[in-house]
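# Working through the structure, step by step
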Amino acid sequence: MKREIWKGSEAIAEAAIRAGCRGFFGYPITPQNEIPEYMSVRMPAAGGVFVQAESELAAINMVYGAAACGVRAMTSSSSPGVSLKQEGISYMAGAELPGVIVNVMRGGPGLGSIQPAQGDYYQATRGGGNGDYRTVVLAPASLQEAADLMFEAFDIADQYRNPVVVLVDGLIAQMMEPIVWKEHPGRPLPEKTWAADGRRGRAHNNFVTSLFMDAPDCEAHNLALLEKYKAIEANECRWEELMLDDAELVLVAYGTPSRVAQTAVEHLRSQNIKAGVFRPITLWPFPYARLREIAAQPQVKRFMAVEMSTGQMVDDVNLAVAGQKPVAFYGRCGGVIPHVSEIEGAVLAAWKEGL
Amino acid sequence: MDGGLWITESRLTVVVGHFGSGKTEFSVNLAVALGKSGRPFALADLDLVDPYFCSRTCEDVLRSSGGRLIARSQRCFDADVPSVPPEVMTLLDSQELFGVLDVGGDASGARVLARYRDPLIRCGARVLCVVNGNRPLTHTPEQAAAYIRDIQQACGLAVTGLVNNTHLCGQTQLEDILEGNQLCRTLSARLNIPLTCTAVPEHLAGQAAGLLPRVFPMKLYLKKPWELPLPEKEEI
């Protein structure tokens, strides 16, 4: 199959269209403007709807509306814009609406910087809006993976009727890499019999809401959501293990830092330091069980989380490792990408400490 | 390799093209080549649309080649504040300083040139359009021609030369370059714009030079963070 060179944002947008997305609603913000730009050209040609909304709040609520009608819909933004969308995401989770939200993370908090960062991990994995809900969070580390995961994102959203967040840092969206467009047969999905798409001969109107007037009803709804989240945890966990077979030191990283960590590990191995990389691909559900198994292996001496934040995913690493082995952390933040040599230095320091 | 005479054919070179065609990589390499030819040179970063992978991050390369960077204030390097550096006019007014103007992608990126249209025409600046046949929206002559038309319309300048820069980042093979050459030759004949050169990663330049005229060997300066060469070994 022909390899083509794509920019991250464009690949994400094109993959969404190929995955059957027919509604894009967004508002510009750096560093992801190429997603709406690309959508504005390609979406109408694909027979879908592109709307540059008046705000991020409007955009996410348009996704809610389109999803309620049974359309595959998405929005994209960068950190401050995604903060604005949290109310809509909570409403979608409450109303059990599928939809995809792409967050191209930049430095924060507040307006922060326009350079790549990973400070939205808590927001994405813990739910930045109100209430007991979860969003599935997919974190690609290459453009091929980003393109492939967009298909999965829409399928997961439809299967579980839940919003899915695709979480990348700005570099992934802005860089160029070769990709191949693969066939995605997809998974068997239930029909959207719940969609508010007209009466269609039904005895009743379909009604989409997150409002429950009675507390016991609302509790029952929450418990039903919980069952769904348990199913997602059981079925949708993904990760990648690089050079872990004999690794004594395990770096845990996602997105850009995982690529930098991989180069650092290759270099460390040439110095006879047995390091490897554990890369969560789903940040929620986080691959706790597998990481716990790895922590139990006798040759594994310690862990180090590497992030472009002051330390957020490291909490999940600690929950997984559960005190079996020490967990260190190395991070840069605000839009600064850690250098290969910095990670190497941090690993060597942790290594010496462990001797 | 044709002695690289085309490199100094024109005092000013404006580099335009589709997003991701490799304009910046080509611009930096052209500037370095001007330095090697002994010409005083400057590279102006006029990319107002893309904040990442810009020529303003290559200042050290330009300086070590004896040239300089013209870019918006260092303090605003990472800011989302589009502005053009006033020093661009010194490049246009100069008689002897060679210059490369690295412009943002697509018509939206080329629009900034409209502001310099008259002096650029007065200077006889050439406008090179970089084409990457592996980019999804420019891999047919029709698509590439449409981009060139839009870019010309946005900046009010005619493209005077094509640069075949068909690549796959670090994974480029000779076939990619040859396929891109076919595309650019068709485009060249259709639009009556000469093919100025074929930009080729250094390690393939020897092979390509046996098959194509005007091969321009390129070093890749805009690396991803994990591709950076490790610095000299330090005490840790």
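Residues numbered from 1 in each chain as written. Chains lettered and ligands numbered in written order. Predicted model: local features only at pLDDT ≥ 70, side-chain atom pairs only at ≥ 80, totals over all residues. Heavy atoms only, no water.

### Some remarks on the overall build of chain A
- Helices and strands together make up the secondary structure of chain A, namely 13 helices and 14 strands.
- The C-alpha atoms of chain A give a radius of gyration of 21 Å, which matches the 20 Å a tight globule of 355 residues would have.
- Taken along its principal axes, the extent of the C-alpha atoms in chain A is 70 × 45 × 40 Å.
- The buried share of chain A, reckoned over its 355 residues, is 58%.
- Pairs at least 24 apart in sequence give 80% of the contacts found in chain A among residues at least 6 apart. (Helix = DSSP H or I, 4+ residues; strand = E, 2+ residues; numbered from the N terminus. Rg over C-alpha atoms; globule rule 2.2 N^0.38 Å. Buried < 20%, exposed > 50% of the residue type's maximum accessible area, 1.4 Å probe, protein only. Contact = heavy atoms within 4.5 Å.)

### Brief notes about the interface of chain B and chain A
- Every contact between the two is made by 31 residues of chain B and, on the other side, 35 residues of chain A.
- Taken together, chain B and chain A are joined by three salt bridges.
- Our count for the contact surface shared by chain B and chain A stands at ten residue pairs in polar contact (both at pLDDT 80 or more).
- Each residue belonging to the side of chain B that touches chain A can be placed in one class, and the counts come to 16 nonpolar, eight polar and seven charged. (Salt bridge = Lys/Arg side-chain N within 4 Å of Asp/Glu carboxyl O. Polar contact = N/O pair within 3.5 Å; in protein donor to acceptor, adjacent residues only side chain to side chain. Nonpolar A, V, L, I, M, F, W, Y, C, P; charged D, E, K, R; others polar.)

### Considering the packing of aromatic side chains
Residue and element names in this part refer to chain A.
- Enumeration according to the criterion identifies ten aromatic pairs over all chains in this entry.
- Within the aromatic cluster, the residues linked to one another by ring pairs are Trp6, Tyr38 and Trp181.
- Directly above the aromatic system of tryptophan 181 lies the positively charged group of arginine 18, at a separation of 4.2 Å from the ring centroid. (Phe/Tyr/Trp six-rings, centres within 6.5 Å; stacked < 30°, edge-to-face > 60°. Lys NZ or Arg CZ within 6 Å of the ring centre and 35° of its normal.)

### A word on the domain arrangement of chain A
All names here are of chain A.
- Per the domain assignment, the segments of chain A are domain 1 (3-235) and domain 2 (240-354).
- Between domain 1 and domain 2, the C-alpha centre-to-centre distance is 28 Å.
- Opposite the 33 residues of domain 1 that make contact, domain 2 presents 28 residues.
- Carbon and sulfur atoms make up 53% of the area that domain 1 and domain 2 hide from each other, which totals about 2400 Å². (Domains from an automatic or database assignment. Buried area = accessible area lost by both parts, 1.4 Å probe.)

### With respect to the sheet that holds strand 5 (residues 126-131) of chain B
Residue and element names in this part refer to chain B.
- Spatially, eight strands are ordered 3-2-4-1-5-6-7-8 in an open sheet, and the strand pairing comes out parallel. Since the sheet does not close on itself, it has two edges, and those belong to strand 3 (68-70) and strand 8 (215-218), each with one partner. Neighbour-to-neighbour, the strand axes of the sheet open up by a mean angle of 25 degrees, direction not taken into account.
- Most of the contacts of helix 7 (residues 174-191) go to strand 7 (residues 195-201), to which it runs at about 165 degrees, and overall it touches strand 5, strand 6 (161-164) and strand 7.
- Across the sheet, helix 8 (residues 202-209) touches strand 7 and strand 8, and the angle it forms with strand 7 is around 130 degrees. (Pairing = 2+ DSSP bridges. Axes fitted to C-alpha atoms, helices over the stretch in contact; angles between N-to-C directions.)

### Here's the deal with helix 12 (residues 313-321) of chain A
Residues and elements named next belong to chain A.
- Among all positions in helix 12, only Met313, Val314, Asp316, Val317, Ala320 and Val321 are buried. Each buried residue of helix 12 lies within a common arc of 155 degrees when the element is viewed along its axis, so the set occupies one face.
- Phi for alanine 322, located one or two positions after helix 12, is positive at around 50 degrees. (Arc of directions from axis to C-beta.)

### Description of unusual backbone geometry
- The peptide bond linking Thr30(A) to Pro31(A) adopts the cis configuration, its omega dihedral lying at 5 degrees.
- Between Trp284(A) and Pro285(A) the backbone carries a cis peptide bond, its omega angle lying at 0 degrees.
- Take Pro285(A): it is sitting in the loop between strand 12 (282-284) and helix 11 (288-296).
- A positive phi angle is found at Cys169(B), which is not glycine, with a value near 50 degrees.
- For Cys169(B), the position within the fold is in the loop between strand 6 and helix 7.
- Of note in the backbone geometry, Arg214(B) takes a positive phi value of approximately 45 degrees without being a glycine.

### Notes on the side chain of Lys224(B)
- In this structure, Lys224(B) sits in the segment after strand 8.
- Here Lys224(B) is buried and forms no salt bridge, its nearest opposite-charge partner Glu227(B) lying at an N-O distance of 4.0 Å.
- A distance of 3.0 Å separates a polar atom in the side chain of Lys224(B) from the backbone oxygen of Met176(A). (Lys, Arg positive; Asp, Glu negative; His and termini not counted.)

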